[in-house]
Structures are given as structure tokens and as C-alpha cells.
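The primary structure of each chain is shown beneath.
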Number of protein chains: 2
Amino acid sequence: MKKLPDIKQDFSGWYNEVIYDAELVDQSPVKGCMVIRPYGYAIWERIVSVLDERIKATGHSNASFPLLIPESFLKREAQHVAGFAPELAVVTHAGGKELEEPLVIRPTSETIIHHMFSRWIRSWRDLPLKINQWANVVRWEMRTRPFLRTTEFFWQEGHTAHETRDEADQEVQTMLQEYVKLAQNYLAVPVITGTKTDHEKFPGAEKTMTFEAFMPDGKALQMGTSHLLSQSFAHAFEMKFQDRQEQQSYPYLTSWGTTTRLIGALVMTHGDQKGLVLPPNIAPIQVVIIPIFKSGTDSSVIIAAAHSLQKNLQKEGVRVCIDDEEGKTPGSKFFKWELKGVPVRIELGPKDIENNQAVVVDRIGLGKRFIPLSDIVAEVATLLNTIQTIMFKNAQERTHQMRHKSDNLVEFGSLLEELGVFYQTSWCGNAECETELKNYKASIRCILEGRTFETCFHCKQASKSDVLVARSY
Amino acid sequence: MKKLPDIKQDFSGWYNEVIYDAELVDQSPVKGCMVIRPYGYAIWERIVSVLDERIKATGHSNASFPLLIPESFLKREAQHVAGFAPELAVVTHAGGKELEEPLVIRPTSETIIHHMFSRWIRSWRDLPLKINQWANVVRWEMRTRPFLRTTEFFWQEGHTAHETRDEADQEVQTMLQEYVKLAQNYLAVPVITGTKTDHEKFPGAEKTMTFEAFMPDGKALQMGTSHLLSQSFAHAFEMKFQDRQEQQSYPYLTSWGTTTRLIGALVMTHGDQKGLVLPPNIAPIQVVIIPIFKSGTDSSVIIAAAHSLQKNLQKEGVRVCIDDEEGKTPGSKFFKWELKGVPVRIELGPKDIENNQAVVVDRIGLGKRFIPLSDIVAEVATLLNTIQTIMFKNAQERTHQMRHKSDNLVEFGSLLEELGVFYQTSWCGNAECETELKNYKASIRCILEGRTFETCFHCKQASKSDVLVARSY
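For clarity, every value in this text was computed on a predicted model and none was experimentally measured.

**Observations regarding the overall build of chain A**
Across its full length, chain A carries 15 helices and 23 strands. What you see for chain A is a C-alpha radius of gyration of 25 Å, in line with the 23 Å of a compact globule of 473 residues. For the C-alpha atoms alone, the extent of chain A along its principal axes is close to 85 × 55 × 50 Å. Looking at chain A as a whole, 47% of its 473 residues qualify as buried.

Here it is as C-alpha cells:
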């Protein structure tokens, strides 16, 4: 069996192989686009299901807006078009003719959704308007990597309109917190939230909040963002409403999104030398049962026991499958399901049946256990919870260990690459000092609350607030 | 309040208004593309949820393939490209540059999925391969109508590969039957299944099965199709596998799909002069509770009773909302929810609370009923089932009444427009006779099993089988 590249020596090579070997994804004939295979897509379906429920519970409705957007729409908000123009895919011909106005494939849908909002919002009674869309978007990226940065990707984009700035800002915070819960409670990926600098914020937004995760190599991964757009798009799309004082006002807008990139975060955060390690709360398959046949024994008894166990686990809501493929050794099956990161494996052999027990092995190395068949459903449920908790704690500890503090870029800049670390430092707020980080291929990932050092990491003028500095995906 | 066009005199005008007034859809600034509003999208989500469960239960896995397909891929199967070329939207520029090879937005995904299949299928052990994709597709249509024919639409497309033609044909039938169940048991839309003629079949397929519904105006609506592609695409994409005899073989392929068009069928089949009528099994809101306030009475008691009733209904899995919007008359609320087609309305006023009862009104005219609050959950559950059953029966009877038999095109051809009818007749199987139907703006919707008349409807030569003839959407 093929071995993965050494995860410690060649983390990048490991990632590029494990995603194919575990059958999450395949290369497509279209540059930068990915084929998401059933196992990878099942992870995305789990993420969608969890997040969609929370999006609805927080008062949003799903809707759908066109894939294609008139080029002129993008141009209405000056910063917006400047930010996205270099990445657009453009439809110039359709139905055998050249189009009068080219259409772009949506890189994000603010413009077309705001156009519709301006039709729907007439009075303060129409607010808040809270819409979400699950969609594919296209951004023509130069360098792509499956899940992390692809030309086409999947996401949800929430778009809301509010009477006041305060209410809009509250929405930005609420959805950011929903993202944090998804990341930490389901993906078991610890994240740090903060504000993007003006340079890094969404084109056209007043403020961009982000949640960032730090991968084992110390690089940051932006997991998603929540924007306070305020009124600039409302002005651009003439979105006015009669307010409670019977005056014409512009609503305050927000948008927020997270993408298939989360799958990349999941892979990198938890994977090991054997392959994926999936947290039980998001794993498409939480338990695999492997019947072990021995020549001279009755395999039908084992198969029956496996199916009975599967049913009992399913009743408790456990996602469980049986691998009874013929012609493969137990060892090769163990290898396969470890590669795919299934949290718990149950082995059932003739000896086990005799002893009314099963062998239970977890994917995170807690150790092999022999469990009486009568206890197994309860034990597996507990074990899945334990694994989830431990995976998050381990990831959190590692993030903690990677996080260092320093007030001097000259000292920590060169360490950013070598040691798998990231830095909390303090910043004066000036773009010149931010730009200095490019020399170390790093950037400010987010601005934090509070201030550790009195001076800026670069100019040594008075600092305004702490920032996290890292290389990033 | 605005009145809808007369549904009997101007069915088409009625449809074009009811879909906007009921807030299913809105016009988009992109020609032929629609904005699906939350209420319309909620219907689609219900359809997706029901069908997705069956697609998985029948052994298929969801996956995802690129939106953009190299133009050369379409050309590999000669009939396929001929069929789709006139409808393609083409990306010629991306990332600020002209592309070396133009990319088309998928009109359907056979070509790119078969390309991937050829990588994944090596041996008979890899078969059957059963994949489904939920996706948006684009076909540049000249004349569009929301849901019925749009430039961009949503669908699922199943794609499977099998060892034998028989097994592939069985798959085609299985999925066709799943579609029939969705249409009849959930949408309450009666359908007739049959085979498409060579002229009407999917470009590149050996055989296309269809399920057709007949709208109140007598026009047929193709609800979806299930294709036996056989080996032509396998040859075009060099998809070979080692069979059980250790020979290189080509697999037999199928594909099958159904779309957001189903929402159009739902609207037309059941709607009435007051608006939509949604079958309970697919309605996003099955029950609306309307508290009725009277001046001088305590509205908080009524609100509390409404919420308690909502909770009890939700416990039983009923999708229920409360309309307690202030400043609107009960009459205007009745109007709104009738327009939106909610199957059951519950009115709760001070008198009702006094008498420990509620007023229950159904959307299909069974009549107003006073139900004790203690019985209401059970009664509503029964009523929803009754409504579902009656809606399907009514639609089935109307379809039956519209279906006529005749062996002579000269007699029935001109009736196709005038009477809201369609015809079962017999056909020789020749394309010339099929083409003759164009004079009546009609077509063969499907070929049925069996033969009613001995001679063809046009040439009077021996007939081969019965066909359904109708105008169509």
C-alpha cells in the first residue's frame, strides 16, 4: 500500500496526496476547478445541514439569485469592482450570438441581490430583510489548491438589510458567532475572531470581521467573513425606504459567507500520518464495522451480528457502515478506513462472537478495547463524544503553543516561516507598517481587542491595538 | 386588493401573475433568469429533501462536478453537441485574458462526468457506479417563463454506469418510478410515463423515458426524463473496464433528471381563482394560525393559545406558522394565505377561546369547521391527509377527462387547441407522420405500451404503438 508523504517534513505534499487518496476530491479537466467525490461531498452536506439549520433558526430565509450578473452591476460600487475585476469569468457569447452586454459569473452576489432588495424594501416594515443563498461562485485564481483556493467553489452568502447601523452590526456579530460554533463544536477547529484591516477587508465594506484558524504549519486559514457593508451599496443601488419618521432613508447592509474551504481546514487541522482524522460531529461515517472471517468458521453468524449491531447503532442516530467486501484482508480494510479518518472501528470476529464482545478501536489512539455486545451502543456513543472533545482540545493546545508574542518585527519576521508559529503583536494602524510584513510573506490576519505592547511592531510609534501576524493560505 | 386574471378565460395570464403575487419568484435583470424568492425556494427545498432521500435510498451518492466544461468535451459525442450547441453560454475571457479554449457553462454534465467515470472505472468491481449531482445549469432559451423554461435552472442529474444493458435499463425504470412517486404522492400531480420518439429523445441517448403531466389547458408538461445512454458516450470518452471474463468492455450508462419546472407544474395543476393551492405533503407551510383580536378583549390570551397550538402541531411534525402581524384585518390575512395556497387556516378569536374551540378552514372548499381545542391536532393531521388525497384525485379525474382517443389526425388536430384536451392515438413509427403534427403545434409526448387502433393517425398504414399527442409547454 502506498504511503503518504511525511506529514512533519512535507505537510504540503501530505495535504496534496491525502485529499486524493482518501477520495475527497479529484482533478478536473478544467483548470482550478475541482471534482468533489462522494466522500468529500458528504462532508460538505454535513456542514450545510448544520449551518443551514442555524441560519434558519436565526431568522433568515433561503432564496436564489442568478448565476450571471450584468457587467455594469459590478461597476456600480467603485471599490467592489476594483476588488473583483481581475478575477472575473466573462460570458461574451450565448445562444450562438455575441451578447450586447457581457455577463460575469458571480464572484459574490451583493450587486444582484441589492438590486432586488431595492425592489423589495419600501418601508421600515419591510426590515430587517434577512436572506441567505447556497451557491457556487467563480473567481479566476492564479494558484489553486483543492478546497483551499479553487476557481469555482461552494458557499453560502447571507445578505441582510436593517434600519440602523447598530442592528446591522449586531447581525454581523451574531453570524460570526454562529460560524465560530460551527468551526469549534462540529469541525473541532479552534478559531480566533477579529477585524480585518482596511487593506484586507471586503471591497466596498465598512468593516470585515473574520474567523481565522491556524494550521499545524503555523499558516493562517481565513475560514469565513462577516461584513458590515453599511450604506455604500444601498446608495449604489438606490435602495431607499420610508423610515419611522416618514423620511427616506438608506438601510444598513451586511453580508457573510463561508465556503468549501472549511473542508481543507478540517483535513489539515486533524490529519495524521495515516490519513484523515474526522471529528465525529461532522464525519459522514462515524463508525465502520469490519466483520473478520476465519476459514472453518460460519461467516453468516458474524454478518448477522454485524447487521444487528449496525441497526442498534443507527437507532441511536450513529452514522455507521459495514465493510464486508470480499477478497480483502482485515489489514487492508483497517488501512482504508484509517485513511478516510472514520473515528471508530468495530471488529467482529468468530472469537468475539463466542465471547459476546467486539473490539473497538478509535482513530485518535486512545487504545483498543473489548466491549460486551450488550454495552456497545452506549459505549460507542460515549466514545464518539470523548473523541470530539479530545480532538478540539488537542487542536486548541497546538494553536496555543504556536501563538507567540513579540513587539519587534525584525525579531519575529523571519521566524514566521521556520518554526510553524504565528505572532500577536501591536500595531500603530498605519498601512506602511502593514505593508512591511510582505517582506516576510506575512500579513495581519486580524485586529484584536486590547493592546499588549505600547509601540508598533515596525515604526515604534504608539500602537493602537493588537494584531495577529502570520503567513496564510 | 388586486384580482388575478380569470383562470378559465386567461390561464396563461393567471399563471404569469400568480407566481409573482404569491411571491414565489421575481423578475431578474438578467434575461431569462429568475430570482426564486423565499416562499418559492422553500417549495424547492421540500422537493429536494424528498427526492434526495430516495436517491440515496436507491444506492446513489451525491458528488459535484465543475460548472464550466471545455468546449471540446461537448464535441466528442456528435449528436450531443448538435443538440446543445445552439443553447450554450460561452465563457471566452477570464482573469482579464482571453482563454485559449472557450469554456461552456454546463447545459447538462454528461461529458465532464463521463470523463471522470473513465478515470474511476477500471474493473467490473467498480460497477455499478451511481452518482447524483444537485446543480444549476444554463441553456440559452429564446422564450422563457419562470419555472417552466428559464435560462438558468436548478435540477438534479443522476449518472450511472453498469456492466450490462439490462441492468442499466432497470436503473432507467427505477428512477423513472421514483419520479412518478414524487410527482403523484407529494406534488399530487398525476403523470403518464412512456418513451420519447427518436426525434424527441435526449441527444446521444439510445432511449429516453419521460413522465408527462397534463395541465388544465390540455398542454403537456415534460416533468423529467430518464435516459438509457447505452455505450455511445462510453465510446466517446474511452470508458473501458475489465469485465468478469477479463475482456475490455464498455459500460452501459444512464442519466436522469428533474428540475425547478416541477414548481410550475404544481402551480398550474392545483391553482384556482384565489391563487395557489399547495398539497400538504409539499407545502412549506401546511397550517397558518390567525389570531383574531376584538377591541375590548384581552389579546394576550389569544396569542398564548395560538402559540400553544403551534407547539402542539409542531410536535406532530406539522409545518405551521402564526400570522399575528398588527394593523391588518383578518380578511386581508385570509386573502394573503389563500393566495399563497396554505392548505389549512385556523382562526382563533375571543369567542373561540371562550368555547374552547377553533375555526378550521381548508383551502380546497371542504367547508368551515368548529373543532374543540382538545381534538385539533388529530383533526388537522387527518384533514391534511384528506386534502392531499382529494387534490390528487381531482387532478387525476381532470386528466382523465382531458384524455380522448381518435385514430384520425384530421379530426382531432384542430381540437387540440380549442378544448383543453389531448389525444391517445396510434402511430406507424415514421418521422414523416410525426412531423405532420407540427401543423397543429402539437407533438408526440410519449410512446405508450399497446395499440388501440390498427392504423396510423396520419398515413393510415399499420400502426406500431399508441402515442399521446398534445401541445406542450
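Read on for the rest.
**Details of the relation of the copies chain A and chain B**
Note on the identical chains: chain A maps onto chain B by a rotation of 180 degrees and an axial translation of 0.0 Å, with an RMSD of 0.0 Å. Taken together, these values place the two copies in the relation of a two-fold axis. Relative to the rotation axis, the closest C-alpha in chain A is found at A:V91, a distance of 2.1 Å.

**Re the environment of B:M175**
Residue and element names in this part refer to chain B. Following the sequence through the fold, M175 ends up in helix α6 (residues 165-186). The buried category is assigned to M175, around which 28 C-beta atoms lie within 10 Å. Once the C-alpha coordinates of M175 and T144 are considered, the two residues, 31 residues apart in sequence, prove to be 28 Å apart. The contact partners of M175, leaving out residues within four places of it in the chain, are G158, S226 and W256.

**Here we look at the interface of chain A and chain B**
Taken together, the contact pairs 38 residues of chain A with 38 residues of chain B. Put simply, the parts of the chain that give the side of chain A that touches chain B at least two residues each are β2 (34-36), α2 (38-57), β3 (61-62), β4 (68-70), β5 (89-94), α5 (110-120) and β7 (129-138) of chain A. For the side of chain A that touches chain B, the element with the highest residue contribution is β5(A), accounting for six residues. A per-class count over the side of chain A that touches chain B returns 22 nonpolar, ten polar and six charged. Where β5(A) lies against strand β5 (residues 89-94) of chain B, five bridges are found, and the strand directions are antiparallel.

**Topic: the sheet that holds strand β16 (residues 320-322) of chain A**
Residue and element names in this part refer to chain A. Read from one edge to the other, the open sheet built from five strands follows the order β16-β15-β17-β18-β19, with strand pairing classed as mixed. The open sheet has two free edges, formed respectively by β16 and β19 (369-372), since each of these has just one partner strand. The mean angle between the axes of side-by-side strands here comes to 25 degrees, regardless of whether they run parallel or antiparallel. Examined bridge by bridge, strand β15 (residues 287-291) and strand β17 (residues 344-348) share five bridges and lie parallel to one another. In the sheet register, I290 faces β17, and the bridge partner there is E347. In this fold helix α9 (residues 299-315) packs onto β15, β16 and β17, with an angle of close to 165 degrees to the strand it touches most, β15.

**Regarding the domain arrangement of chain A**
Residues and elements named next belong to chain A. Partitioning chain A into structural domains gives domain 1 (11-270), domain 2 (287-383) and domain 3 (403-470). Here the C-alpha centroids of domain 1 and domain 3 sit 27 Å apart. Across the boundary between the two partners, domain 1 contributes 15 residues, which contact 14 residues of domain 3.

**Some remarks on the pairing of strand β18 (residues 357-362) of chain A**
Side-chain direction in a regular strand flips from residue to residue, so the side chains alternate between the two faces of the sheet. Residue and element names in this part refer to chain A. What you see with β18 is a clean split: A358, V360 and D362 sit on the buried side and Q357, V359 and V361 on the side with no burial. Note: β17 against β18, four bridges, orientation antiparallel. Pairing of V344 across the sheet is with D362, part of β18. Where β18 and β19 come together, four bridges link them in antiparallel fashion. Each bridged residue has a counterpart across the sheet, and for Q357 the counterpart in β19 is P372. Once β18 ends, the chain turns through six residues before running back antiparallel as β19, passing G365 with a positive phi of about 85 degrees.

**Comments concerning unusual backbone geometry**
Negative phi values dominate among residues other than glycine, just as trans dominates among peptide bonds. All names here are of chain A. Between L127 and the following residue, P128, the backbone shows a cis peptide bond with an omega angle of -5 degrees. Mapping P128 onto the fold places it in the loop between α5 and β7. Even without being a glycine, E23 presents a positive backbone phi close to 60 degrees. Residues other than glycine seldom take positive phi values, yet S230 does so here, at roughly 55 degrees. Looking at the secondary structure, you find S230 in strand β11 (residues 220-230).

**Side note on the environment of A:K333**
Relative to the assigned elements, A:K333 resides in helix α10 (residues 330-339). Residues in contact with A:K333, not counting those within four places in the same chain, are A:I290, A:D323 and A:K328.

**Examining the sheet that holds strand β6 (residues 97-105) of chain A**
Hydrogen bonds between backbone atoms are what pair the strands of a sheet, whose relative direction is either parallel or antiparallel. Here six strands make up an open sheet; going across it, the order is β4(A)-β6(A)-β5(A)-β5(B)-β6(B)-β4(B) and the pairing antiparallel. Looking at strand neighbours, the two that pair on one side only are β4 of chain A together with β4 (68-70) of chain B, the edges of this open sheet. Strand-to-strand twist of the sheet, defined as the mean angle between neighbouring strand axes without regard to direction, takes the value 45 degrees. The pairing of β4(A) with β6(A) spans three bridges and is classified as antiparallel. Across the sheet, residue A:P70 finds its bridge partner in β6(A), namely A:L103.

Reading the values: the criteria
- Residues numbered from 1 in each chain as written.
- Chains lettered and ligands numbered in written order.
- Predicted model: local features only at pLDDT ≥ 70, side-chain atom pairs only at ≥ 80, totals over all residues.
- Helix = DSSP H or I, 4+ residues; strand = E, 2+ residues; numbered from the N terminus.
- Rg over C-alpha atoms; globule rule 2.2 N^0.38 Å.
- Buried ≥ 20, exposed ≤ 12 C-beta atoms within 10 Å, placed from the backbone.
- Least-squares fit on C-alpha atoms with pLDDT ≥ 70 in both.
- Contact = placed C-beta atoms within 7 Å.
- Nonpolar A, V, L, I, M, F, W, Y, C, P; charged D, E, K, R; others polar.
- Pairing = 2+ DSSP bridges.
- Axes fitted to C-alpha atoms, helices over the stretch in contact; angles between N-to-C directions.
- Domains from an automatic or database assignment.

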